[in-house]
Amino acid sequence: MNRLKLISLLAIVCLSGLNVSAQQSRFTHLVFADEFDTPGLPDTSRWEYEKGHLRNHELQYYTEKRPENVSISDGVLHLTARADSLLVDGRVEPITSGSLKTRNTFNFKYGRIDVRAKLPKCLGTWAAIWLMPTSKKYGGWPASGEIDIMEHVGYEPERINYAIHTMSNNHMKKNGKGSNAFCADAHENFHVYSLEWDENSLTWLLDGRKRFILKRPENATWEEWPFDEEFYLIINNAFGGGWGGAKGVAPDELPQDYIIDYVRIYQ
């Protein structure tokens with residue numbers, strides 16, 4: 001870790017301690033961190049790659065261990081969407097990008113997640129930070145839940161979106177639970193996107209300021225609140241798809257970089 005980032009981390013820990021005391025928060029112990037200080041590819045003891053065409057009718061093909069799409073340099077992680085017509089198993093993939101997850105490296109229940117990032121912006125971009133269930137105890141999506149810490153689509157560049165998906169409430173039923181926050185320069189400057197998750201609530205924060213809170217309903221069943229099992233983290237830079245491409249795509253504006261300065265998880 002370089003000296004500047006070390007100082008920054010210590011300062012954040014100290015400030016977090018002050019906030020913890022004021023708010024009676026339990027999330028003081030750093031259990032997962034990546035400062036992205038070592039140039040090259042991500043640390044595979046922390047991250048694994050997603051690969052292929054995966055969901056939401058998105059246009060990108062996620063590549064594995066390809067520096068053009070996933071790389072670390074100058075102390076930050078780059079997830080880069082490209083229009084580069086990559087040949088994969090005899091097939092041309094017009095759009096490629098990067099996605100990382102902790103499915104087989106780090107799972108957790110309850111805590112605070114902080115991700116400092118600068119987001120991409122053009123028609124079609126769909127950057128996200130989200131949590132998915134490890135075991136699917138209650139069944140496949142959306143039964144075991146999904147927590148969207150941050151979603152951002154290029155056609156609404158000043159809007160940061162927050163949401164959960166459960167069996168009772170999800171976008172397929174058109175009754176999803178979520179909110180949004182205004183951030184005028186999310187594609188120009190770094191901001192810290194956070195979630196605090198405990199037994200009874202989910203709290204979304206932007207640069208340390210609370211922006212949205214969901215409380216566990218009284219006498220909630222798993223259909224309403226499946227957030228009592230371990231989840232894992234995903235950070236991805238999608239392009240197109242049901243939401244990202246809802247108002248068209250602009251592949252001529254690629255490459256688009258989703259830049260992550262750090263990921264820190266506290267319990």
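Remember, it's a predicted structure, so these values are computed and weren't measured experimentally.

Q: Can you tell me about the layout of surface pockets, naming the residues and giving the values?
A: Estimates place the volume of the largest pocket at around 770 Å³. Contributions of two or more residues to the lining of the largest pocket are made by strand S9 (125-133), strand S10 (146-153), strand S11 (159-165), strand S12 (177-182), strand S16 (231-239) and helix H2 (241-244). With five residues, the single largest contributor to the lining of the largest pocket is S11.

Q: A description of the packing of aromatic side chains should follow, citing residues and the corresponding values.
A: Overall, the coordinates contain 13 aromatic pairs when judged by the stated rule. Pairwise contacts between aromatic rings join Phe32, Phe36, Trp47, Phe106, Phe108, Tyr110, Trp197, Trp225, Phe227 and Phe231 into one cluster. A cation sits over an aromatic face here: Arg264 above Tyr262, 3.5 Å from the ring centre.

Q: I'd like a rundown of the confidence of the model for the chain, residues and numbers included.
A: Residues with a pLDDT of 70 or more make up 91% of the chain, whose mean pLDDT is 92. A low-confidence stretch, residues 3-24 stays under pLDDT 50, and its non-local contacts, those more than four residues away or across chains, total 19 contacts.

Q: If you had to explain the pattern of salt bridges to someone new, which residues and values would you point to?
A: Evaluated as defined, the whole model comprises 13 salt bridges. Of the charged contacts in the structure, one is a salt bridge between Glu64 and Lys51, with a shortest N-O distance of 3.9 Å. Note that Glu64 is positioned in the loop between strand S3 (61-62) and strand S4 (70-73) and Lys51 in the loop between strand S2 (48-49) and S3, a separation of 13 residues in sequence. Of the residues examined, Glu64 reaches a relative accessible area of 40% and is grouped as partly exposed.

Q: Can you tell me about the nonpolar core, naming the residues and giving the values?
A: Judged by nonpolar contacts, the single largest core of 46 residues is most densely connected at Leu131, Leu202, Tyr258 and Ile260. Top contributing element to this core by residue count: strand S17 (residues 256-266), with four residues. When residues no more than four places from it in sequence are discounted, the contact partners of Leu202 are Ile147, Ile164, Leu195, Glu196, Trp197, Phe212, Ile213, Leu214, Trp225 and Phe227.

Q: Go over unusual backbone geometry, please, and point to the residues and values.
A: Pro142 follows Trp141 through a cis peptide bond whose omega is 5°. Residue Leu254 is joined to Pro255 through a cis peptide bond whose omega torsion reads 10°. With respect to the helices, strands and loops of the structure, Pro255 is situated in the loop between H2 and S17. Of note in the backbone geometry, His57 takes a positive phi value of approximately 55° without being a glycine. If you trace the backbone, His57 turns up in the loop between S2 and S3. The backbone phi angle of Tyr110 is positive, close to 75°, even though this residue is not glycine. Within the element layout of this structure, Tyr110 appears in the loop between strand S7 (99-101) and strand S8 (111-118).

Q: With reference to specific residues and values, describe the sheet that holds S10.
A: Within a sheet, adjacent strands bond to each other through the backbone by hydrogen bonds, running parallel or antiparallel. If you trace the seven strands from one edge of the open sheet to the other, you get S2-S7-S16-S9-S10-S11-S12, paired in antiparallel fashion. The sheet terminates laterally at S2 and S12, the two strands that pair on one side only. In this sheet, S11 lies alongside S10 in antiparallel orientation, the contact comprising four bridges. Bridge pairing in S11 links Asp148 to Ala163.

What counts, and at which threshold
- Here, residues in each chain are numbered from 1, in the same order as that chain's written sequence.
- For a predicted model such as this one, the threshold for reporting local features is a pLDDT of at least 70, and the threshold for listing and counting side-chain atom pairs is 80 or more; totals across whole chains, interfaces and linings nevertheless cover every residue.
- Note that water and hydrogens are dropped before the side-chain values are worked out from all heavy atoms of the structure.
- Think of a 1 Å grid over just the protein atoms. A cavity is a set of points where a 1.4 Å probe fits yet cannot get out, a pocket is an open set with protein on both sides within 12 Å along at least five of seven lines, and lining residues have an atom within 4 Å of a point.
- Grid points are joined across faces, edges and corners, and a volume is the space filled by probe spheres set on the points.
- A helix here means a DSSP run of H or I that spans at least four residues, while a strand means a run of E at least two residues long, and both kinds are numbered starting from the N terminus.
- Pairing of aromatic side chains requires ring centres within 6.5 Å, counting the rings of Phe and Tyr and the six-membered ring of Trp. Pairs whose planes differ by under 30 degrees are stacked, by over 60 edge-to-face, and all others tilted.
- Lysine NZ or arginine CZ positioned within 6 Å of the ring centre and within 35 degrees of the ring normal marks a charge as sitting over the ring.
- As a per-residue quantity, pLDDT reports the predictor's confidence and falls between 0 and 100.
- Here, residues are in contact when the closest pair of their heavy atoms is within 4.5 Å.
- Here, a salt bridge means any Lys or Arg side-chain nitrogen found within 4 Å of an Asp or Glu carboxyl oxygen.
- Whether a residue is buried, partly exposed or exposed follows from its accessible area with a 1.4 Å probe, protein chains only, as a fraction of its type maximum: under 20%, in between, or over 50%, in that order.
- Put simply, a nonpolar core is a bunch of buried Ala, Val, Leu, Ile, Met, Phe, Trp, Tyr and Cys residues held in one set by side-chain atoms that sit within 4.5 Å of each other.
- One bridge is not enough; two strands pair if DSSP finds at least two bridges between them.

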